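Each chain, written out:
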Amino acid sequence: AQSVAQPEDQVNVAEGNPLTVKCTYSVSGNPYLFWYVQYPNRGLQFLLKYITGDNLVKGSYGFEAEFNKSQTSFHLKKPSALVSDSALYFCAVSYTGRRALTFGSGTRLQVQP
Amino acid sequence: GAVVSQHPSRVICKSGTSVKIECRSLDFQATTMFWYRQFPKKSLMLMATSNEGSKATYEQGVEKDKFLINHASLTLSTLTVTSAHPEDSSFYICSARARTGLNTGELFFGEGSRLTVL
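All residue numbers here refer to positions counted from 1 along the written sequence of the relevant chain. Labels follow written order: the first chain is A, the first ligand is 1, and so on. Whole-chain, interface and lining totals are the exception, using all residues; otherwise, since this is a predicted model, local features are given only for residues with pLDDT of at least 70 and side-chain atom pairs are given and counted only at 80 or more. No hydrogens and no water enter the side-chain calculation; it runs on all heavy atoms of the structure.

Nonpolar cores were defined as sets of buried Ala, Val, Leu, Ile, Met, Phe, Trp, Tyr and Cys residues, with membership established by side-chain atoms within 4.5 Å. Exposure categories follow from relative accessible area, calculated using a 1.4 Å probe and restricted to protein chains: below 20% of the type maximum is buried, above 50% is exposed, and the middle band is partly exposed. Counting 27 residues, the largest nonpolar core has Trp 35, Leu 47, Leu 48, Phe 74, Leu 76 and Tyr 89 of chain A as its most contacted members. By definition, any uninterrupted DSSP run of H or I lasting at least four residues is a helix, any uninterrupted run of E lasting at least two residues is a strand, and each is numbered from the N terminus. With four residues, strand 10 (residues 87-94) of chain A is the single largest residue contributor to this core. Whether two residues are in contact is decided by their heavy atoms: any pair within 4.5 Å suffices. Apart from the residues lying within four places of it in its own chain, the contact partners of Leu 76 of chain A are Leu 19, Thr 20, Val 21, Trp 35, Leu 47, Leu 48, Phe 63, Glu 64, Ala 65 and Tyr 89 of chain A. Within the second largest apolar cluster, 25 residues are counted, among which are Cys 23, Met 33, Val 81 and Ala 84 of chain B.

Set out below in structure tokens:
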């Protein structure tokens, strides 16, 4: 079984400030972890993934995420938020590269000018 | 690269009719496609896994006779909502895994199709 929790429905941050969107996971075995972003009435865009290797993963648009095995977390971060980062962010997990992804409930990021 | 095209993006139909949604991988071959359904302000719920040339595998609670999935080629999967009812109104999103993504699990998503059943 695999599951993902995104504890925050919404995160508000001022433009230029650092942002964090939280994600914790539960999976049997080694996790494949992903972050996707969704803009209104659009599909999902891939941001970054962790499979193996360095715990700090860098992705698109200046986003990064840190894999923490002991805390089973994979928080999304960005040093300096932009208004254009405002969107819905999904964390996803799989325990293998062949299965579908299980998504968290999503966190709406609102960046204020 | 890795573009997934989904059509139509919006469709409105009358109750009792059937609607077909197409999902195409434009620049890669997708042996596996996944169909998700997204309710307003909710996460994506996996409906079924579609493998090229074989029957789709449906998640528990998803009616296979209502949501017909066909994956006839390595670049095309279709979802047909049969005898649609207002409760079928939703945002349907397809995703595909490229052959090169078999070991990394990355999925590429279509733009979604918003179905409204009157």
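A separate point is unusual backbone geometry. A negative phi angle is the norm for most residues apart from glycine, just as the trans form is the norm for most peptide bonds. Look at the link from His 7 of chain B to Pro 8 of chain B: it is a cis peptide, with omega at 0 degrees. Located in the positive-phi region is Tyr 61 of chain A, a residue other than glycine, with phi close to 60 degrees. Position of Tyr 61 of chain A relative to the elements: it lies in the loop between strand 7 (56-58) and strand 8 (64-68). Tyr 61 of chain A sits in the exposed class, given a relative accessible area of 52%. In this structure, Ser 83 of chain B is a non-glycine residue whose phi angle is positive, near 45 degrees. When its relative accessible area of 34% is taken as the criterion, Ser 83 of chain B is described as partly exposed.

What follows is about the packing of aromatic side chains. Centres within 6.5 Å make a pair out of two Phe, Tyr or Trp rings, where for Trp the six-membered ring is used; the pair is then stacked when the planes are under 30 degrees apart, edge-to-face when over 60, and tilted otherwise. All chains considered together, the criterion is met by 14 aromatic pairs over all chains. Seen from their ring centres, Phe 103 of chain A and Tyr 36 of chain B are 5.4 Å apart, and the 90 degrees between their planes marks the pair as edge-to-face. A residue pair is termed interchain when its members come from two chains, as with Phe 103 of chain A in strand 11 (residues 102-103) and Tyr 36 of chain B in strand 4 (residues 30-38). No difference in accessibility class separates Phe 103 of chain A from Tyr 36 of chain B, as the two residues are buried. Where Tyr 36 of chain B meets Phe 109 of chain B, the ring centres are 6.0 Å apart and the plane angle is 45 degrees; that geometry is what we call tilted.

When two cysteine sulfur atoms are found within 2.5 Å, that pair is recorded as a disulfide. Here the structure, examined in full by the defined rule, presents two disulfides over all chains. Residue Cys 13 of chain B stays outside any disulfide, its sulfur separated by 18 Å from that of Cys 94 of chain B, the closest cysteine.

Here we take up the side chain of Ser 77 of chain B. Residues and elements named next belong to chain B. Along the chain, Ser 77 turns up in strand 8 (residues 76-81). Of note is the side chain of Ser 77, whose polar atom sits 3.4 Å from the side chain of Ser 50. Looking at Ser 77, its side chain comes within polar contact range of the main-chain oxygen of Asn 70, at 3.3 Å. Any pair of N or O atoms that falls within 3.5 Å is considered a polar contact. Within protein, one atom must be able to donate a hydrogen and the other to accept it, and sequence-neighbouring residues count only if both atoms are side-chain atoms.

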